[in-house]
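# Fold and geometry: a report
So you can see what is in the structure, the chains are spelled out below.
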Amino acid sequence: MQETMEGWNTTIVESMGFSLCLGENRYGTMGQCWKLAPEVGEGFFWAYGEKDLFDIKIHDFYFNEDMLIENRIAGYLSIFYYDSISGEQLTPYRQMSPGCIQSLVGNDKPYRIRIHKKIPVRCIGIGISPVYYGNYMKDRYSKEYFDPHTAFAKLNQDEDFPELVFLLKQVENYRGEGIAAKMFYEGKVSEVVSLLIGRMERNSRQMSNRKIDEHDSKQIKVAVDYIDAHYAYDIPLKQLAGFACMGTTKFKVVFKNLYGCTVTNYIQRQRLHHAECLLTQNNLTVGQIAESVGYSTSSRLAKLFRQHTGLLPTEFRKMVKRN
């Protein structure tokens, strides 16, 4: 989408400290590439757009300091896969870590994300415009048309989705030119949208559309507040379910529907988030930090921390201290 590339993308990247880098073809010759100013960080942002229909983005950079990014993406639907990142999506809140999928449904509210300093942001994403799904798809598929808003919104962003990752990685690694490249990119965007719609339809058939009532939500919140205050301790699932006045089976189902992850994953995120804070704020050893957030050994923390940030705790601390 030329308007988006030259307008929306340019506005966003320039506000973050990027400038257009002519002749930089490491991500392909079909798009435009911006380079990050050295006083802000290092790396590149590449984007390719087809008229006003869709765009494809590759991020490959890091910031010298924590960066708060805020923009409005009204009407646009996007999805990203991250090989590397550390930060938080703030609206709604969600920790970002390597291997995660992020779907964005643009509305009138600003989208906000905090990216942690010195941690590489490497990802591939596609975005479709209102013209793509409101005109192009509707005209092409007429009777079979389905608005993809719901499919993007309902994606469980913590769930394994290897088919989607495979498609996005194909796009990231492609380096074609001319009409062949245009056809390739257009086809892959359609495949991604198709996968999302297909996943949503299968999930709808497999699961009853039971709504979580307000009482259950409040009861689950009691258990979550307890986790937030006692994340460093072993908390039996039965005990948490008891706080919510539920059986363990119902508790697990309602919790995942509300928070998009398992109880175990939620506790792990809390522990790693606090470990990251401790690594930046004091000189405790990795072993001491591991114990304080609930892990019996430093090696266990190191393994999970690397999965979470892409770095070992010692590497993370060195990068922070250098700045």
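Residues numbered from 1 in each chain as written. Predicted model: local features only at pLDDT ≥ 70, side-chain atom pairs only at ≥ 80, totals over all residues. Heavy atoms only, no water.

### A look at the overall build of the chain
Within the chain, the regular secondary structure consists of 12 helices and 11 strands. Scaling as 2.2 N^0.38, a compact globule of 323 residues should have a C-alpha radius of gyration of about 20 Å, and the chain matches this with 21 Å. A total of 323 residues make up the chain; the buried ones form 47% of that total. In the chain, 65% of the contacts between residues at least 6 apart in sequence involve partners at least 24 apart. Just so you have it, the chain exposes about 16,500 Å², and 51% of that area is on carbon and sulfur atoms. (Helix = DSSP H or I, 4+ residues; strand = E, 2+ residues; numbered from the N terminus. Rg over C-alpha atoms; globule rule 2.2 N^0.38 Å. Buried < 20%, exposed > 50% of the residue type's maximum accessible area, 1.4 Å probe, protein only. Contact = heavy atoms within 4.5 Å. Areas by Shrake-Rupley, 256 points an atom, 1.4 Å probe, with all protein chains shown as cover.)

### A short note on the sheet that holds strand β10 (residues 111-115)
Pairing between the strands of a sheet comes from backbone hydrogen bonds, and it takes one of two forms, parallel or antiparallel. Strand order across the open sheet formed by four strands is β5-β10-β7-β8, with antiparallel pairing between neighbours. On the outer flanks of this sheet lie β5 (67-71) and β8 (93-96), each paired with one strand and no other. Pairs of neighbouring strands in the sheet enclose a mean axial angle of 15 degrees, with direction left out of account. In terms of strand pairing, strand β7 (residues 87-90) meets β10 through three bridges, oriented antiparallel. Counted as the bridge partner of Glu88 is Arg114 from β10. (Pairing = 2+ DSSP bridges. Axes fitted to C-alpha atoms, helices over the stretch in contact; angles between N-to-C directions.)

### Comments concerning the sheet that holds strand β9 (residues 101-105)
In space, the seven strands of this open sheet follow the order β1-β2-β3-β4-β11-β6-β9, with antiparallel pairing throughout. If you trace the sheet from one side to the other, it starts and ends with β1 (18-20) and β9, each paired once. Strand-to-strand twist in this sheet, taken as the mean axis angle between neighbours without regard to direction, amounts to 20 degrees.

### Re the packing of helix α6 (residues 214-230) against helix α8 (residues 248-259)
Put simply, α6 and α8 touch, their axes get as near as 10 Å, and they point 85 degrees apart. Considering the angle they form, α6 stands roughly perpendicular to α8. Here Asp216, Ser217, Ile220, Lys221, Ala223, Val224 and Ile227 of α6 lie close against α8, whose contacting residues are Lys250, Phe251, Val254, Phe255, Leu258 and Tyr259. Looking at the contact of α6 with α8, its residues break down into nine nonpolar, one polar and three charged. (Parallel < 35°, antiparallel > 145°, perpendicular 65-115°, else oblique. Nonpolar A, V, L, I, M, F, W, Y, C, P; charged D, E, K, R; others polar.)

### Things to note about the nonpolar core
Grouped together as the largest cluster of nonpolar side chains are 38 residues, with contacts concentrated most on Phe54, Ile56, Ile79, Ile128, Tyr132, Tyr185 and Leu196. Sorting the residues of this core by element identifies β3 (41-50), β4 (54-63), β6 (77-84), β11 (121-128), α2 (130-141), α3 (149-153), α4 (162-173) and α5 (178-206) as the ones contributing at least two each. With nine residues, α5 is the single largest residue contributor to this core. Judged by nonpolar contacts, the second largest core, of 24 residues, contains Phe63, Ile69, Phe80 and Leu104. (Core = buried A, V, L, I, M, F, W, Y, C linked by side-chain atoms within 4.5 Å.)

### Here we look at the side chain of Gln219
Relative to the elements of secondary structure, Gln219 occurs in helix α6. A residue is classified by how much of its surface remains accessible, and Gln219, at 17% relative accessible area, is buried. Look past the residues within four positions of Gln219 in its chain and what remains in contact with it is Phe243, Ala244, Cys245 and Met246.

### As for the pattern of salt bridges
On inspection of all chains with the given rule, the structure shows 12 salt bridges. The salt bridge involving Lys57 is made with Asp55; its shortest N-O contact spans 3.0 Å. Neither residue differs from the other here; Lys57 and Asp55 are each classed as buried. A salt bridge links Arg112 to Glu70; its shortest N-O distance comes to 3.1 Å. Of this pair, Arg112 sits in strand β10 while Glu70 sits in strand β5, placing them 42 residues apart in sequence. Arg112 sits in the partly exposed class, given a relative accessible area of 27%. Counted as one network, the salt bridges with shared partners bring together Asp83, Lys169 and Glu172. (Salt bridge = Lys/Arg side-chain N within 4 Å of Asp/Glu carboxyl O.)

### Some points on the packing of helix α9 (residues 263-281) against helix α10 (residues 286-293)
Look at α9 against α10: their axes get within 9 Å of each other, and the N-to-C directions meet at 145 degrees. Between α9 and α10 lies a crossing whose hand is right-handed. Each of Arg271, His274, Ala275, Leu278 and Leu279 in α9 lies in contact with α10, whose residues at this interface are Ile289, Ser292 and Val293. Class assignment of the residues belonging to the contact of α9 with α10 gives a composition of five nonpolar, two polar and one charged. (Left-handed = near helix turned anticlockwise from the far one by under 90°.)

### Describing the environment of Cys261
With respect to the element layout, Cys261 can be found in the loop between α8 and α9. Residue Cys261 is classed as buried on the basis of its relative accessible area of 2%. Distance from Cys261 to Ala241, taken between C-alpha atoms, is 16 Å for residues 20 residues apart in sequence.

### Describing unusual backbone geometry
The phi dihedral of Lys118 falls on the positive side, at around 65 degrees, and the residue is not glycine. Of note, Lys118 is situated in the loop between β10 and β11. Positive phi is not limited to glycine here, since Cys245 has a value of about 60 degrees. Among the secondary structure elements, Cys245 is positioned in the loop between α7 (237-243) and α8. Taking relative accessible area as the criterion, Cys245 reaches 63% and is therefore assigned exposed.

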